[in-house]
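Now for the letters of each chain:
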Amino acid sequence: MKGKANLVTTMRVGYLAAGIFVLSLIIRLIANSYLSDTLHAPLSGDEPTYVNIALNLLSGSGYSMNGADPTAFRAPGYPLFLVFVLFLTGKSLLLARIVNILMGAVTVVLVLLLGERTFDRTTALIASLVLSIYPVFVGISGELISDTLFVFLVCAFFLMIALAGDNARSRWAMLSAGLFLGWALVTRTELVAFFPFLIVWSYFHFRKTGTVGRALIFLLVPAMCFALPWVYRNYTLYNKFTMTTGVGAVAWGVHNPKTFGDWTLMGGWYPPKDSLLSNAGERPPALRNPATTYLPEREWDRQLLARAIQSIKSNISSMPKMEIYKLRLLFASPGAVESLVRFPLFFFFFFGMTVSLIRRESRHTILYVFLMFPLLITLVSYTDPRLRMAADVIFILVGGYGLVNYVQWIRSKLGTPGEVPAG
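Residues numbered from 1 in each chain as written. Predicted model: local features only at pLDDT ≥ 70, side-chain atom pairs only at ≥ 80, totals over all residues. Heavy atoms only, no water.

Asks: What's the story with the overall build of the chain in this structure? I'm lost.
Replies: Secondary structure assignment for the chain yields 18 helices and 0 strands. If you take every contact in the chain between residues at least 6 apart in sequence, the share linking residues at least 24 apart comes to 72%. With the model as given, the accessible surface of the chain reaches about 19,500 Å², and the carbon-plus-sulfur share is 68%. (Helix = DSSP H or I, 4+ residues; strand = E, 2+ residues; numbered from the N terminus. Contact = heavy atoms within 4.5 Å. Areas by Shrake-Rupley, 256 points an atom, 1.4 Å probe, with all protein chains shown as cover.)

Right, here's the structure in full:
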């Protein structure tokens, strides 16, 4: 009887996952083909950098944006994935965009399964339905940039951790978590800031079962297997161990005299259009039309970083206000309407987090620990809606949990007590 009940439960979850996938896919296809026509739009924004690298790799020109100069401006996680997709699709950008959309729909299913495993079915359904229609997730799914892949990998990592539970002896789940984590690291290199928090969490989470060492091996070794070849490759190019040559561009775009002098620009990325450096604009030297002599990419990165540091020193009294503006972009949105929509989400998030902490739900702690990563990156650099997508998954999941428990709490106050779902 127990086996039959488990089979019925599995089938119900399967039907629910299939329905959520179809719904998410239809919404994304409609939004990216009829509302914005992203599927047929020319490459824009960050897309050319990723696509050019993938096409140059396919043509044998190496990891380069212009076919001649090697680059480390973009991490390899998404370009290598794009190489595989373009190879299978005959270099069709349309089909590559559709693959991205499929991946976005699968991510919603991962969130459903994660919510079912970590919280409860109602929470899982609420979170997956919200993500099915969440504007940033829907709109960006058709763009050939790293964000959709990164969120997919992070959600897959969380799901594997949830399947492993409190015991790291679940080798396949822990190994899978490490592989997804490593791929995510070389997709968005700033994820390295999460690793110290992950190590501390692993110690407290697995020490009761005596599997801390095993957990760290399964999580860190696969991640390093992804990162070390990329770091070594960059060392051979620049004679310096580095994950990316984009740090200076990011730092200078956020911390420059223009952003410090205009409060409306604070906290975002607005690189000044100046000529103090021959290539101090938005793009690295390798992507620009070589009408003159440009700095080597590593030196370009170093000088932009130095200018950003100097700008911070010159405006040190404005840094507290700058950090407040950054946090505003993390928790709210630039527009009043978008912020109004997000405020209830954060109310239910904090309510749900309070409930889970009171109940000491250890399964939830990895989600809260992960939030230290986007918080730290925001304070050091900046954020915007697409950069906070991984954090938004957690806010929506825990917010759904908070909504379920808030409704139960209100019902109990009104004299219609219901069973509060177990975490």
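Further notes follow.
Asks: What exactly am I supposed to notice about helix α5 (residues 121-133) here?
Replies: Side chains that are three or four residues apart share a direction in an α-helix, a result of its 3.6 residues per turn. Relative to the 18 Å expected for 13 residues at 1.5 Å per residue, α5 spans 19 Å between its end C-alpha atoms, a close match to the ideal helical length. All buried positions along α5 are accounted for by Thr123, Ala124, Ala127, Ser128, Leu131 and Ser132. Relative to the axis of α5, the buried residues are bounded by an arc of 165 degrees and lie together on one face. The opening residue of α5, the one whose side-chain oxygen lies 3.1 Å from the backbone nitrogen of Thr122, is Asp120. (Expected span 1.5 Å × (residues − 1). Buried < 20%, exposed > 50% of the residue type's maximum accessible area, 1.4 Å probe, protein only. Arc of directions from axis to C-beta. Polar contact = N/O pair within 3.5 Å; in protein donor to acceptor, adjacent residues only side chain to side chain.)

Asks: Explain helix α17 (residues 372-380) here, please?
Replies: By the burial criterion, the buried members of α17 are Phe373, Pro374, Ile377 and Thr378. For α17, the angular spread of the buried residues around the axis is 130 degrees, confining them to a single face. Contacts made by the buried residues of α17 are with α7 (147-164), α14 (319-331), α16 (365-370) and α18 (389-413).

Asks: Teacher, can you tell me more about the side chain of Ser33 here?
Replies: Tracing the chain through its elements places Ser33 in helix α1 (residues 2-35). For Ser33, a relative accessible area of 19% puts it in the buried group.

Asks: Hey, could you run me through the nonpolar core in this one?
Replies: Inside soluble globular proteins, nonpolar side chains tend to come together where they are buried. Judged by nonpolar contacts, the single largest core of 102 residues is most densely connected at Leu82, Phe157, Phe158, Met174, Leu191, Phe194 and Phe370. No other element matches α7, which puts 15 residues into this core. Residue contacts for Phe370: discarding those within four places in its chain leaves Val154, Phe158, Leu191, Phe194, Ala390 and Ile394. (Core = buried A, V, L, I, M, F, W, Y, C linked by side-chain atoms within 4.5 Å.)

Asks: Explanation requested: the environment of Ile30 in the structure shown.
Replies: Turning to its location among the elements, Ile30 is positioned in helix α1. As a C-alpha pair, Ile30 and Val138 span 108 residues in sequence and 9.7 Å in three-dimensional space.

Asks: Any chance you could explain the packing of helix α11 (residues 247-254) against helix α13 (residues 297-314) here in plain terms?
Replies: Angle between the axes and distance between the axes: these two values describe a pair of packed helices. Two numbers describe how α11 lies on α13: the axes approach to 7 Å, and their chain directions differ by 30 degrees. As judged from the angle between their axes, α11 and α13 are roughly parallel. Between α11 and α13 lies a crossing whose hand is left-handed. For the pair formed by α11 and α13, the contact residues are Val247, Gly248, Ala249, Ala251 and Trp252 on the first element and Trp300, Asp301, Leu304, Leu305, Arg307, Ala308 and Ser311 on the second. A class-by-class count of the residues in the contact of α11 with α13 yields 8 nonpolar, 2 polar and 2 charged. (Axes fitted to C-alpha atoms, helices over the stretch in contact; angles between N-to-C directions. Parallel < 35°, antiparallel > 145°, perpendicular 65-115°, else oblique. Left-handed = near helix turned anticlockwise from the far one by under 90°. Nonpolar A, V, L, I, M, F, W, Y, C, P; charged D, E, K, R; others polar.)

Asks: Before we go on, may I ask you to explain empty space enclosed by the protein in this structure?
Replies: Empty space among the atoms can be located by rolling a probe the size of a water molecule over them. As enumerated under the stated definition, the model contains 1 cavity of 30 Å³ or more in all. By volume, the largest cavity amounts to about 60 Å³. Contributing to the lining of the largest cavity are Arg28, Gly104, Thr107, Phe137, Ile140, Ser141, Thr148, Val151 and Met389. Mapped onto the lining of the largest cavity, the elements with two or more residues apiece are α4 (93-118), α6 (135-140) and α7. In the lining of the largest cavity, the residues fall into 4 nonpolar, 4 polar and 1 charged. (1 Å grid on protein atoms, 1.4 Å probe; cavity = no way out; pocket = protein on both sides within 12 Å on 5 of 7 lines; lining within 4 Å. Points joined across faces, edges and corners; volume = space filled by probe spheres on them.)

Asks: Could you clarify how one ought to interpret the environment of Pro76 in this entry?
Replies: Tracing the backbone shows Pro76 in the loop between α2 (47-59) and α3 (77-88). In this structure the C-alpha to C-alpha distance between Pro76 and Ile53, which are 23 residues apart in sequence, comes to 9.0 Å. Excluding its chain neighbours within four sequence positions, the residues that come into contact with Pro76 are Tyr63, Val186 and Trp230.

Asks: I tried to follow the pattern of salt bridges on my own but got confused; where do I start?
Replies: Here the idea is simple: oppositely charged side chains can pair when their charged atoms come close. The final tally for this structure, using the stated rule, is 12 salt bridges. Where Arg188 meets Asp147, a salt bridge forms, and the shortest distance between an N and an O atom there is 3.0 Å. Linking Arg188 in the loop between α8 (171-185) and α9 (195-206) with Asp147 in helix α7, this pair joins segments that are 41 residues apart in sequence. Accessibility classification places Arg188 together with Asp147 in one group, the buried group. With a shortest N-O distance of 3.5 Å, Lys326 and Glu323 are connected by a salt bridge. Within this pair, Lys326 and its partner Glu323 are both found in helix α14, separated by 3 residues, close to a single helical turn. A relative accessible area of 0% places Lys326 in the buried class. (Salt bridge = Lys/Arg side-chain N within 4 Å of Asp/Glu carboxyl O.)

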